[in-house]
Structures are given as structure tokens and as C-alpha cells.
Amino acid sequence: MTENSVLTKAPRTGAEYPERLAETTARAEAVAKVAREFADAVDGESRFPQETIEEARAQGLLGAPMTAADGGLDYGITELCRLLERVGRECTSSAMILAMHYSQALCLTRHADTDYLREFTRRVAQDGLLLASATTEVNIGGNTRSSTCAVRPVGNGRVGLHKTCPVISYGAYADAILVTARRDEDAASSDQVLLVVEAEDLQLERQRGWDALGMRGTCSESFELEATAGEDAVFGVLFETISAQTMLPGAHCLWASAWLGMATQAGLTARSVVQKAARKTPGTPPPSALRLAELEVQLQAMTDVVRSSVARYEAAYEDPETCESMQFAIAMNTLKVSGAEAVRKIVGDALVIVGISGFANHSPVSLARLYRDSIGPSVMVNNDRILLHTATMQLVSRGQR
């Protein structure tokens, strides 16, 4: 198994320079160190990974996607994804929170089109604000491209909305939430806008807590959301455009990279156990060595799919026509499904290689937490739903690549 370094060339940011590579790696390692230290406590207590997020803030990483002019680090999608690979090796919850934050930060960086949104983007970068997302809603079946709730005028240049959210990950800890809603009360369910709601303008009434099998630190609770915001907190560009160009491909690349980090760690753990067994019988590989080689095939395949998909998005980043194409959407959907399936299989197979020591919660080579976390990707935005959406697109696709 190879350790996935954060050192990488990111075409948009000039990461080929040694100084930038060293700085990027140092920031990632600092966050990963804190994530590793508190991962067991975060999981055991099912609590928000405050320490890791504070370290990310201290390293300037919450504003990483923003431009240097706005106070950010000007990271491209490749750099963000390699960062998440590294943190994902240590704490799934921390990596997933950063992934979801970055998916929203990218929306601001690319689509902020009012004075308020542009100023808020600068505040995210300079103050390290944590962003959450409220795109799901009851009675829409997980379809983020449909809303029941609507933005309504409340006077004095402000708008309000009420949304019943089956999940807002770490919503109680976010400095602001980006919320989807119908443009107005007469709009169709697919005629959506995205708006920024800051914490002080937000009321969250908890409907269901979070005591889950895995990813316990994401605190993905259910809320009744009541909010007001200025009219200029609403993006002028339609949400369908934001979703196609940024939110959907960004989220899938970021999530899959965090999952690749999980898979990598499982592979490294399995390799260490097989190496230890091999030292006891020099010249005669243990039976588990064959299983380890098979695991390497799976991990290499996952690495290639995830990193090539990230590169595909990086290459298309400044090309709206490509990002909004059907084939690109199918590719990003495929990334999510394949990544979710691969991480569950890889961690599970690594657990079999490690054996009973990996099954134990407090073993030095335990994979118990990682295995529980690895189940989450297939059920968060259920794979069957994504596959059905992909099948629908394929029925009318002309098949161009």
C-alpha cells in the first residue's frame, strides 16, 4: 500500500513550486495530527471534532478555496482533495466535515454575485467561518434539485423561509448554512435559489439527534429551520447552474477523496500486520500475503478512479459547458457510487486480513471504527437513488465522452 502524499500538481494554483508543496503538506499534516489524536474520542462520544476544525481554522484551511485577494489560499480542487485524503486516514468525521464545508465554499468562490455575497466570501476566508449545507427536505426523496419550501419577502429588504430538514450535518456548529428553496411561493419545485443564512439569523429546532453506526462526529441531526436573510444573500444565478458546475461535482470529488484516505489507511494497517507475520517466517510469505496483494489491486483501482475524476473536474473547472453536460454529470455520479462501494469493500477485506485484532475496538491495529465509517458512504445520498438518476440520463444520452 502506498501512502497518498498531499504533494501534487494543481493546474489552477501553481502547486508545482516546491515552496507551495511544502506549505500544503505541512498544513495537511498539522490537521491530520490533531484529527488522529481526537478521533477515538469524537467517535466514542459522538461529538463534533472541535479540535480538528479549530486546527484547520488556525492553518487558514477553512478559507483554502478562496482567492489570495480575498484572504484565502487559492487551493484548487486537486489540493483540496489531497488534503482530504490525508485527514481521511485519521478521522472520517473530520474529513467529511471539511469536504462538506469546501463544497459550499467553492459555491461562494465561483458564484457569489452580490456585494453581500462577495463580502461574505472574504469573511469566510479571513475569519475561517465554517459552512454547512441544507439542500435536503422532507417529502422530496433526497432529490436536492427539488424544494417544497420557498423564499418569501418579510419587509425591509429581507426574506424568510421555513424548511424541514431531515439532516443538516454539523448544523448546530456552523457559522452559516447555505440553504436551497424555491425562488418564491409561486415557483415550481425545480425553480430553486441558494441563499446564505448566518447563524445569528437562524433558528434550528432539533427533531432528531445523531447516535449513528459510523461517521459519528458529523453530528448529522434533523432540524426545523427558520431563517431570515437580506435579499442580497440570495445568489442571482440559478441553483441548477450552481449544482451542475460546482456543488455536485465538487461534493463527489471531495467525498470520494476522503473515502480514499480511509481505504488507504486500512491498506496500510493490513500491510503492517502481514509484514509482521512475514518476519516470523523469513523466506516463506504468510498465507495472508496473497490477500494483501489482492487488496492492493482494489486500492490501486480506487486511487486511479478518484484521482482521475478529480483531474477531470480540475480540467473542466473553467468550462461551464462541459460541467453542465450530461456525460460529465454521469461521470461524477459514477465517482460517488464507485467510491462508496470501493471503500466499504477495501476496509472490509483489510479487516479480514488483519483478523481478530482488527475486529477489537481498542487494538493497536483496530479497524473497527474505520469499518463502521466505511458503511456510511453507500447510504448517505443512497447509491440506488444516484444510479436511478444516472440510468435516466443514459436513456437519453448520445454517449459522447
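Since the model is a prediction, treat every value here as computed from it, not as a measurement.

## Here we look at the sheet that holds strand 1 (residues 131-134)
(1) Moving on: Taken together, three strands build an open sheet; the order of strands is 1-4-5 and the sheet is mixed. The sheet terminates laterally at strand 1 and strand 5 (192-198), the two strands that pair on one side only. For this sheet, the mean inter-axis angle between neighbouring strands, taken without regard to orientation, is 25 degrees.
(2) Moving on: Set on the sheet, helix 5 (residues 115-127) makes contact with strand 1, strand 4 (176-182) and strand 5; between it and strand 5 the angle comes to about 50 degrees.

## Regarding the packing of helix 1 (residues 18-45) against helix 3 (residues 77-88)
(1) Moving on: Packing of helix 1 against helix 3 brings their axes to within 9 Å, and their N-to-C directions diverge by 35 degrees. In terms of crossing hand, the pair formed by helix 1 and helix 3 is right-handed. When helix 1 is examined against helix 3, the residues Arg20, Thr24, Ala28, Glu29, Val31, Ala32, Ala35 and Arg36 are found in contact with a partner set consisting of Glu79, Leu83, Arg86 and Val87.
(2) Moving on: Taken together, the residues of the contact of helix 1 with helix 3 break down into six nonpolar, one polar and five charged.

## Here we look at the packing of helix 7 (residues 288-316) against helix 9 (residues 326-354)
(1) Moving on: Direction vectors running N to C along helix 7 and helix 9 enclose 155 degrees, while the axes themselves pass 10 Å from each other. When the axis of helix 7 is compared with that of helix 9, the two are roughly antiparallel. Helix-helix and strand crossings are classified by hand; for helix 7 and helix 9 the assignment is left-handed.
(2) Moving on: Among the residues forming the contact of helix 7 with helix 9, the class breakdown is 17 nonpolar, six polar and four charged.

## Some details on helix 3
An α-helix turns once per 3.6 residues; consequently, residues spaced three or four apart project the same way.
(1) Moving on: In a regular helix each residue adds 1.5 Å, so twelve residues correspond to 16 Å; helix 3 covers 16 Å between its end C-alpha atoms and thus fits that length.
(2) Moving on: Buried residues dominate helix 3, accounting for twelve of its twelve residues.
(3) Moving on: Three or more residues of helix 3 are buried, namely Ile77, Thr78, Glu79, Leu80, Cys81, Arg82, Leu83, Leu84, Glu85, Arg86, Val87 and Gly88.

## Focus on the UniProt feature "domain: Acyl-CoA dehydrogenase/oxidase C-terminal" (unreviewed entry) in the protein chain
(1) Moving on: Following the UniProt record, one finds the feature "domain: Acyl-CoA dehydrogenase/oxidase C-terminal" (unreviewed entry) at residues 256-374.
(2) Moving on: Between the end C-alpha atoms of residues 256-374 the distance is 11 Å, and the span holds 82% helix and 0% strand.

## Brief notes about the UniProt feature "domain: Acyl-CoA dehydrogenase/oxidase N-terminal" (unreviewed entry) in the protein chain
(1) Moving on: Per the UniProt annotation, the sites labelled "domain: Acyl-CoA dehydrogenase/oxidase N-terminal" (unreviewed entry) are residues 25-122.
(2) Moving on: Strand forms 0% of residues 25-122 and helix 71%; the C-alpha atoms that close the span are 24 Å apart.

## Structural notes on the pairing of strand 4
(1) Moving on: Counting buried residues in strand 4 gives seven out of seven residues, a clear majority hidden from the surface.
(2) Moving on: Note: strand 1 against strand 4, four bridges, orientation parallel. The residue of strand 4 that forms the bridge with serine 133 is leucine 178.
(3) Moving on: Sheet topology note: the strand 4/strand 5 ladder contains seven bridges and is antiparallel.

## So, helix 1
(1) Moving on: Over its 28 residues, helix 1 extends 40 Å from the first C-alpha to the last, a length consistent with the 40 Å expected when each residue adds 1.5 Å.
(2) Moving on: The sharpest bend along helix 1 measures roughly 50 degrees and falls at phenylalanine 38.

Rules used in this analysis
All residue numbers refer to position in the chain's written sequence, counted from 1. Given that this is a predicted model, residues contribute local features only at a pLDDT of at least 70 and side-chain atom pairs are listed and counted only at 80 or more, while totals for whole chains, interfaces and linings are drawn from all residues. Side-chain numbers here rest on the full set of heavy atoms in the structure, without hydrogens or water. In this scheme, strands are said to pair when DSSP sees at least two bridges between them. Each helix is a run of DSSP H or I of at least 4 residues and each strand a run of E of at least 2, with the numbering of both proceeding from the N terminus. Helix axes are fitted only over the stretch in contact, all axes being lines through C-alpha atoms; the angle between N-to-C directions runs from 0 to 180 degrees. Contact criterion: two residues are considered in contact whenever any of their non-hydrogen atoms come within 4.5 Å of each other. For any helix crossing, the convention is left-handed if the near helix is rotated counterclockwise from the far helix by under a right angle, and right-handed if that rotation is clockwise. Here the term charged refers only to Asp, Glu, Lys and Arg, the term nonpolar to Ala, Val, Leu, Ile, Met, Phe, Trp, Tyr, Cys and Pro, and the term polar to all other amino acids, Gly among them. Throughout this description, any angle smaller than 35 degrees is read as roughly parallel, any larger than 145 degrees as roughly antiparallel, any in the 65 to 115 degree range as roughly perpendicular, and the remainder as oblique. Take the residue count of a helix, subtract one, and multiply by 1.5 Å to get its expected span. Relative accessible area decides the class of each residue, using a 1.4 Å probe on protein chains only: under 20% of the type maximum gives buried, over 50% gives exposed, and in between gives partly exposed. UniProt positions are given in the numbering used here, feature names are shortened, and annotations may be inferred rather than shown by experiment. Think of it this way: the bend at a residue is just the angle between two axes, each fitted to seven residues, one set ending at that residue and the other starting at it.

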